[in-house]
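Now for the letters of each chain:
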Amino acid sequence: GENVEQHPSTLSVQEGDSAVIKCTYSDSASNYFPWYKQELGKGPQLIIDIRSNVGEKKDQRIAVTLNKTAKHFSLHITETQPEDSAVYFCAATTGFQKLVFGTGTRLLVSP
Amino acid sequence: NAGVMQNPRHLVRRRGQEARLRCSPMKGHSHVYWYRQLPEEGLKFMVYLQKENIIDESGMPKERFSAEFPKEGPSILRIQQVVRGDSAAYFCASSPDVFSNYGYTFGSGTRLTVV
């Protein structure tokens, strides 16, 4: 079955810096890769996703890249703000199957 | 569109009691997934259901846990004879029926505390 690894487990940056979180997956059949942000006491919230027919996707300060050959994908947050502080999860699936999550990255943005 | 609705938000049970967690998917979604999250940990898949069918229960403990998604009404995750180790946040997600549009949406979760 699918296995997703995520690094780093914690990431501290200064406000305005960029943050990068990386994930690798094992199942070459996976074709959908969402990223979720989870704030304390809340459910995961989808922030961006990418499908396997696309190499990069951007939404304002957030971007995701996918390398199918290497089976890894990354989340890039530019111009970080304190409200970006949260736990971020990557996930992978073949679609209409369970999402398999990474172990999470706790991002702390210091003012 | 009200999103994925879970209730109750918080549930306290004594050891040995039963816990019933409810999940109403988004309108038009007939695929429901349950996940468990222990404190400071990631999301672990439990079960995937469609209306009246369990599709994948590979993450469900073999004993005390069951799930259903009836033709009418919400999906129910049932935990019998709860133990302290069942204390966790339980999240439900739903996805739409159109194969080309995945979009898993999560609810706010039920936080179960076993005392």
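Everything discussed here concerns the structure shown above.
Rules and cut-offs
Residues numbered from 1 in each chain as written. Chains lettered and ligands numbered in written order. Predicted model: local features only at pLDDT ≥ 70, side-chain atom pairs only at ≥ 80, totals over all residues. Heavy atoms only, no water. Helix = DSSP H or I, 4+ residues; strand = E, 2+ residues; numbered from the N terminus. Rg over C-alpha atoms; globule rule 2.2 N^0.38 Å. Buried < 20%, exposed > 50% of the residue type's maximum accessible area, 1.4 Å probe, protein only. Contact = heavy atoms within 4.5 Å. Areas by Shrake-Rupley, 256 points an atom, 1.4 Å probe, with all protein chains shown as cover. Lys, Arg positive; Asp, Glu negative; His and termini not counted. Charge placed at Lys NZ, Arg CZ, Asp CG, Glu CD. Salt bridge = Lys/Arg side-chain N within 4 Å of Asp/Glu carboxyl O. Core = buried A, V, L, I, M, F, W, Y, C linked by side-chain atoms within 4.5 Å. Pairing = 2+ DSSP bridges. Axes fitted to C-alpha atoms, helices over the stretch in contact; angles between N-to-C directions. Polar contact = N/O pair within 3.5 Å; in protein donor to acceptor, adjacent residues only side chain to side chain.

1. Details of the overall build of chain B
Working step 1: In terms of regular secondary structure, chain B is built from 0 helices and 11 strands.
Working step 2: Along chain B, helices (α) and strands (β) appear in the sequence β-β-β-β-β-β-β-β-β-β-β when read from the amino end.
Working step 3: Relative to the 2.2 N^0.38 estimate, which gives 13 Å for 115 residues, the radius of gyration of chain B is 14 Å and therefore close to what a compact globule would have.
Working step 4: The principal-axis extent of the C-alpha atoms belonging to chain B is close to 40 × 25 × 25 Å.
Working step 5: The proportion of buried residues among the 115 residues of chain B is 47%.
Working step 6: The contacts in chain B between residues at least 6 apart in sequence include a share of 52% that link residues at least 24 apart.
Working step 7: By element, 47% of the accessible surface of chain B is carried by carbon and sulfur atoms, the whole surface being about 5900 Å².
Working step 8: Measuring between centres, the 16 positive side-chain charges of chain B sit 7 Å from its 11 negative side-chain charges.

2. So, the overall build of chain A
Working step 1: Check the secondary structure of chain A and you find 0 helices and 11 strands.
Working step 2: For chain A, the N- to C-terminal ordering of α and β elements is β-β-β-β-β-β-β-β-β-β-β.
Working step 3: At 13 Å, chain A has a C-alpha radius of gyration in line with the 13 Å of a compact globule built from 111 residues.
Working step 4: Considered along the principal axes of its C-alpha atoms, chain A spans approximately 40 × 30 × 20 Å.

3. Things to note about the pattern of salt bridges
Working step 1: Enumeration according to the criterion identifies 9 salt bridges over all chains in this entry.
Working step 2: In this structure, Glu18 of chain B and Arg20 of chain B form a salt bridge, with 3.0 Å as the shortest nitrogen-oxygen distance.
Working step 3: Here Arg20 of chain B falls in the partly exposed class, since its relative accessible area comes to 39%.
Working step 4: Shared partners join several salt bridges into a network, and the residues in it are Lys37, Glu39 and Lys42 of chain A.

4. Observations regarding the nonpolar core
Working step 1: Trp35, Phe73, Leu75, Tyr88 and Leu107 of chain A are the most contacted members of the largest nonpolar core, which has 25 residues in total.
Working step 2: Put simply, the parts of the chain that give this core at least two residues each are strand E2 (10–14), strand E3 (19–25), strand E4 (32–38), strand E5 (45–51), strand E7 (62–67), strand E8 (72–77), strand E9 (86–92) and strand E11 (105–110) of chain A.
Working step 3: Beyond its immediate chain neighbours, meaning those up to four positions away, Leu107 of chain A contacts Leu11, Val13, Ala19, Ile77, Asp84, Ser85, Ala86 and Tyr88 of chain A.
Working step 4: Residues Leu11, Leu49, Leu77 and Tyr90 of chain B belong to the second largest nonpolar core, which totals 23 residues.

5. Let's talk about the side chain of Lys37 of chain A
Working step 1: One can find Lys37 of chain A in strand E4.
Working step 2: Excluding residues within four positions of it along the chain, Lys37 of chain A makes contact with Gly43, Pro44, Gln45, Ile47, Glu83, Asp84, Ala86, Val87 and Tyr88 of chain A.

6. Focus on the sheet that holds strand E7 (residues 65–68) of chain B
Residues and elements named next belong to chain B.
Working step 1: Sheet architecture is open: 4 strands sit in the order E1-E3-E8-E7, paired in antiparallel fashion. Of all the strands in the sheet, the pair left with one neighbour each is strand E1 (5–7) and E7. Along the sheet, successive strands turn relative to each other by an average axial angle of 15°, direction set aside.
Working step 2: In this structure, E1 lies alongside strand E3 (residues 19–24), joined through 3 bridges in antiparallel fashion. The partner of Asn7 across the bridge, within E3, is Arg22.

7. Quick word on the side chain of Thr110 of chain B
Residue and element names in this part refer to chain B.
Working step 1: Take Thr110: it is sitting in strand E11 (residues 110–114).
Working step 2: Among the residues examined, Thr110 registers a relative accessible area of 0% and is labelled buried.
Working step 3: Only 2.6 Å separates the side chain of Thr110 from the backbone oxygen of Pro8, close enough to count as a polar contact.
Working step 4: Not counting chain neighbours up to four residues away, the residues in contact with Thr110 comprise Gln6, Asn7, Pro8, Arg9, Leu11, Leu21, Ala88, Ala89 and Tyr90.

8. Looking at the sheet that holds E8 of chain A
Think of a sheet as strands paired side by side through backbone hydrogen bonds, with each pair either parallel or antiparallel.
All names here are of chain A.
Working step 1: Across the sheet, 5 strands lie side by side as E1-E3-E8-E7-E6; this open sheet has antiparallel pairing. The outermost strands of the open sheet, each flanked by one partner alone, are strand E1 (4–7) and strand E6 (56–59). Each strand of the sheet is rotated relative to its neighbour by a mean of 15°, with strand direction disregarded.
Working step 2: Inspection of the sheet shows E3 paired to E8 by 6 bridges, in the antiparallel sense. Its bridge partner lying in E8, Ile21 is registered against Leu75.

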